[in-house]
Structure formats: structure tokens, C-alpha cells
Amino acid sequence: GTPTRVTIVNKVCVSEGQTVKLAQPLVILRSDESRGWDTEQRTLTEDLHTHEEGLAKADAAYASQFEIKTAEIAQAESEVKFREKHAETSRDLVARMQTLTKSGGISKVEVLRYQLEAAESEKDFSVTQRTLPQVKLARDQLQNLHAKATDAKVADIQNLKLRPESLHAQLEAS
């Protein structure tokens, strides 16, 4: 048969002897089951609020991290330009020193010292050139992780939004 429900008069809407209109509610009934749904709906609403706050905080943290990574990229780009200019200047200096060596104006040992400095400058330039893509990759990875985490959080929020609507429909039907 039909399951039995314990129903409680939750509110009396009229007083004794009062004239009532057609379809005016006389009493509002509540079952234990619907009270449980009501509690669950409040809990879900609180969970939804918590998830939305968490998403907002995660977005703010991401924005800050993204800004830092963008600044690191700008710094690396600036460093590459500096190192490139330094290497060009070192090569130019070595070429000029070699010209002076041919005319006897400077010793070969002195030119070797400039060549070593130029080689060190080339090495520094090469290292900074490799650093730039690494910093860009780190920012891209940050973006990808944030996108995945955001998608998951948004899906959770959507699920939490649907569940109270379903509970509300069940409450209305009881």
C-alpha cells in the first residue's frame, strides 16, 4: 500500500468562526520527511555559498600568481635583451682589440682576456635565452591548472545549485 507519513500541523491560518475564501489555506501541514528536506536544503545552500567563496578566493590567488609570472617573463625578456647587447659589445671589443694586436698596440695575452670575457658573455646570453621559455611554460602550466580547477569547482557549484531546486520541488509536493 501507500507509505504512511507522520504529518504535523505546522501553522493554523484561520481562527475559529472566521469566514474563509474559496481555496484559502486553513492549515499548513509538515511531515517529518519535509522537515528533513528543509534542513538538507539549508545545508546545501550553505555548501553552495562556501564553494562560491572558495572559487572567488582561488580566482584571486590565481590572478596574483599570474601577475607574478607575467612580471617574471618581462624580467626574463629584459635580461635576454641586456645579455644579447652585452655579448654584441664584447664581440665588437674583441674584434677591435685584435686589430690593435696586429698593429702591435696591445698584447695577445690582453686579447685572450677579452676573448674569455666575450665567451662568458655569450654563455650568459645563451642561459638567459633558455630561461625565458621555461618561465613562459611555468605561466602556461599555472593557467592550465587554474582552468581545470575552476571547471571542477564550477561543476560542483552547478550540482549544488540543482539539488536545492529538486528538494524545493519535493517540499512543494509533500
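Residues numbered from 1 in each chain as written. Predicted model: local features only at pLDDT ≥ 70, side-chain atom pairs only at ≥ 80, totals over all residues. Heavy atoms only, no water.

Q: A description of the nonpolar core should follow, citing residues and the corresponding values.
A: Within the largest apolar cluster, 7 residues are counted, these being I73, A76, V80, A87, F125, L132 and V135. Looking at this core, the elements that each hand over two or more residues are α1 (32–102) and α2 (108–173). No other element matches the 4 residues that α1 contributes to this core. Not counting residues within four places of it along the chain, the set of residues in contact with A87 comprises S121, E122 and F125. M97, I106, V111 and A118 belong to the second-largest nonpolar core, a separate cluster that totals 6 residues. (Core = buried A, V, L, I, M, F, W, Y, C linked by side-chain atoms within 4.5 Å. Buried < 20%, exposed > 50% of the residue type's maximum accessible area, 1.4 Å probe, protein only. Helix = DSSP H or I, 4+ residues; strand = E, 2+ residues; numbered from the N terminus. Contact = heavy atoms within 4.5 Å.)

Q: Which residues make up a nonpolar patch on the surface, and what values do they have?
A: Together, V9, V12, V20, L26, V27 and L29 make up a nonpolar patch on the protein surface, roughly 490 Å² of accessible area in all. Those elements that place two or more of their residues in the nonpolar patch are β1 (7–12) and β2 (27–31). In this fold, V20 is placed in the loop between β1 and β2. (Patch = residues over 30% accessible without salt bridge, like charges linked within 9 Å, V, L, I, M, F, W, Y side chains within 5 Å. Areas by Shrake-Rupley, 256 points an atom, 1.4 Å probe, with all protein chains shown as cover. Salt bridge = Lys/Arg side-chain N within 4 Å of Asp/Glu carboxyl O.)

Q: I'd like a rundown of the environment of V14, residues and numbers included.
A: With respect to the helices and strands, V14 occurs in the loop between β1 and β2. Residue V14 is classed as partly exposed on the basis of its relative accessible area, which comes to 21%. Counting along the chain gives 10 residues from V14 to Q24, while the straight-line C-alpha distance between them is 9.2 Å. For V14, the residues in contact, after removing those within four places along its chain, are V20, Q24, P25 and L26.

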